[in-house]
Amino acid sequence: MERTLVKIQNINVDTFTFDEALDYAKAGQVVTINPEMIDYASKNSEFKEILNNAELVIPDGVGVQLGLKILGHDVKRIAGIEFSRKIIEKFTNEAKSIALIGAKPHVIEKAVENLKQEIPNINIAYYHDGYFKDNEEILQELQKIQPSLILSALGSPKQEMFNYQGKKLLPDSLFIGVGGSFDVWAGEVERAPEIYQKLWLEWLYRTIKEPKRFKRIFPTLPLFVLKVLKEKITGV
């Protein structure tokens, strides 16, 4: 299956459907991109290079789907948390091992416990909380274990940088940055009800539940839309 890429603010985004992305993701780095990451990439050339060298970039944030639509690209959002969960099930069905990196110690432990209860035969070969300073130490441990799937919940841009380092050391493994997914899987954070998801308002629900997120979303999201409108008009 060949990739078809479109650009938004000079960042590559794949146009796969959910199922196509699942089939395509086998090894390398998956980025679940949102407007905040694109905004950071506009200020950090190293991060921009990491994004554009990822093996798969799926439009996680609803703002990215809206931005792509403004530019004339009908690319559907692929929620990172749903994609990651399906990838776990896929790799489990293929008898492949999994590693989880990130979150607070009690969160990662509870997430692992819940996943083991919910997904029969899951092989979690390694897990570690996100409170470490040396990527190399964790990556060396992963090298010894050689898990097929590595999910990192370290927050952006740290998780993307970790995954970029990791794929060089474990080229046959699949790395995915999953943000706050471990908190949801651990039961620490409630995911938005389905009606919010269908109306593209999951971000609003999370902001209501966690008001501190407001400063992260605004003014980033409206400014992002304005930049995309400028890109459509001027081509820059």
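Before reading further, recall that the structure is shown in the block above.
Residues numbered from 1 in each chain as written. Predicted model: local features only at pLDDT ≥ 70, side-chain atom pairs only at ≥ 80, totals over all residues. Heavy atoms only, no water.

## With respect to the overall build of the chain
How we decide: Strands here mean DSSP runs of E at least two residues long; helices mean DSSP runs of H or I at least four residues long; both are numbered from the N terminus. For this measure, only C-alpha atoms enter the radius of gyration; the expected value for a globule follows 2.2 Å times N^0.38, where N is the number of residues. We call a residue buried when its accessible area falls under 20% of the maximum for its residue type, exposed when it is over 50%, and partly exposed in between, using a 1.4 Å probe and counting protein chains only. Accessible areas in this description were obtained via Shrake-Rupley with a 1.4 Å probe; residue shielding takes into account the shown protein chains only. Counted as positive: Lys and Arg. Counted as negative: Asp and Glu. His and the chain ends are not counted at all. Charged side chains are reduced to one point each, which is NZ for Lys, CZ for Arg, CG for Asp and CD for Glu.
Of regular secondary structure, the chain possesses 13 helices and 8 strands. In terms of overall dimensions, the chain is globule-like: its C-alpha atoms have a radius of gyration of 17 Å, near the 18 Å expected for 236 residues. If you line up the chain on its principal axes, its C-alpha atoms span 50 × 35 × 35 Å. Put simply, the chain has 236 residues, and 47% of those count as buried. For the chain, the accessible surface area stands at approximately 12000 Å², while carbon and sulfur atoms represent 52% of it. Positive and negative charge centroids in the chain, built from 31 and 32 side chains respectively, lie 5 Å apart.

## A few points about the sheet that holds strand β8 (residues 174–177)
Adjacent strands of a sheet pair through backbone hydrogen bonds, lying either parallel or antiparallel. Rule in force here: Think of it this way: DSSP has to see at least two bridges between two strands before they count as a pair. Angular values range over 0 to 180 degrees, each being the angle between N-to-C directions of two axes fitted as lines to C-alpha atoms, with helices fitted over their stretch in contact.
Strand order across the open sheet formed by 6 strands is β4-β3-β8-β7-β5-β6, with parallel pairing between neighbours. Of all the strands in the sheet, just β4 (56–59) and β6 (124–128) have a single pairing partner and so form its edges. Direction aside, neighbouring strands of the sheet carry axes that sit 15 degrees apart on average. Here 5 bridges tie strand β5 (residues 98–102) to strand β7 (residues 149–153), and the two strands are oriented parallel to one another. Pairing of Ile101 across the sheet is with Ser152, part of β7.

## Quick look at the packing of aromatic side chains
Test applied: Aromatic rings from Phe, Tyr and Trp, with only the six-membered ring used for Trp, were paired whenever their centres fell within 6.5 Å, and each pair was classed as stacked if the ring planes differed by under 30 degrees, edge-to-face if by over 60, and tilted otherwise.
Applying the stated rule across the entire model yields 5 aromatic pairs. Ring centres of Phe16 and Tyr24 lie 4.8 Å apart, and the angle between their planes is 35 degrees; this geometry places the pair in the tilted category. Since its relative accessible area comes to 5%, Phe16 is described here as buried. Ring centres of Phe18 and Phe83 lie 6.0 Å apart, and the angle between their planes is 75 degrees; this geometry places the pair in the edge-to-face category. Of this pair, Phe18 sits in helix α1 (residues 18–24) while Phe83 sits in helix α5 (residues 80–93), and the two are 65 residues apart along the sequence. Residue Phe18 is classed as partly exposed on the basis of its relative accessible area of 22%.

## What to know about the nonpolar core
Inclusion rule: For this analysis, a nonpolar core means a set of buried residues of the types Ala, Val, Leu, Ile, Met, Phe, Trp, Tyr and Cys, connected via side-chain atoms within 4.5 Å. The contact rule is simple, with two residues in contact once any of their heavy atoms fall within 4.5 Å.
In terms of nonpolar packing, the biggest core is built from 33 residues, with Phe83, Ile87, Ile88, Leu149, Ile176 and Phe182 touching the most fellow members. Going through the elements one at a time, α1, β4, α5, β5, α6 (105–118), β7, β8 and α9 (181–185) are the ones with two or more residues in this core. Apart from the residues lying within four places of it in its own chain, the contact partners of Phe182 are Leu100, Ile101, Gly102, Ala103, Val107, Ile108, Ala111, Leu151 and Ala153.

## Some words on the pattern of salt bridges
Short version of the rule: Put simply, a salt bridge is a Lys or Arg side-chain nitrogen that is within 4 Å of an Asp or Glu carboxyl oxygen.
Under the defined criterion, the tally for this structure stands at 11 salt bridges. With a closest N to O distance of 3.2 Å, Lys96 and Glu94 form a salt bridge. The class of Lys96 is partly exposed, set by a relative accessible area of 31%. Overall, the relative accessible area of 38% leaves Glu94 in the partly exposed class. One salt-bridge network, in which partners are shared between bridges, spans Arg85, Lys86, Glu89 and Glu118.

## Brief notes about the environment of Gly72
Structurally, Gly72 can be placed in the loop between α4 (62–70) and α5. Residue Gly72 is classed as exposed on the basis of its relative accessible area of 60%. Between the alpha carbons of Gly72 and Lys232 there is a distance of 8.8 Å; along the sequence they are 160 residues apart.

## A few points about the pairing of β7
Which entries qualify depends on this criterion: For a crossover, the right-handed case is the one in which the path from the first strand over the helix to the second runs clockwise, viewed with the strands pointing away from the viewer.
Among the 5 residues in β7, 5 count as buried, and that is most of the element. A two-sided burial pattern is seen for β7, the buried positions comprising Leu149, Leu151 and Ala153 on one face and Ile150 and Ser152 on the other. The handedness of the β7 to β8 crossover, carried by helix α8 (residues 158–169), is right-handed.

## What about the packing of α4 against helix α13 (residues 220–234)?
This is how it is decided: An angle counts as roughly parallel when it lies under 35 degrees, as roughly antiparallel when it exceeds 145, as roughly perpendicular when it falls between 65 and 115, and as oblique in every other case. Note on convention: near helix rotated counterclockwise from far helix by under a right angle means a left-handed crossing. Clockwise means right-handed. Gly is put with the polar residues, along with every residue not named as nonpolar or charged; the nonpolar set is Ala, Val, Leu, Ile, Met, Phe, Trp, Tyr, Cys and Pro, and the charged set is Asp, Glu, Lys and Arg.
Close contact between α4 and α13 brings their axes to 9 Å; oriented N to C, the two are set at 20 degrees. Taken together, the axes of α4 and α13 are roughly parallel relative to one another. In the packing of α4 onto α13, the handedness of the crossing is right-handed. Contacts between α4 and α13 involve Gly63, Val64, Leu66, Gly67 and Ile70 from the former and Leu221, Phe224, Val225, Val228, Leu229 and Lys232 from the latter. Residues belonging to the contact of α4 with α13 are distributed by class as follows: 8 nonpolar, 2 polar and 1 charged.

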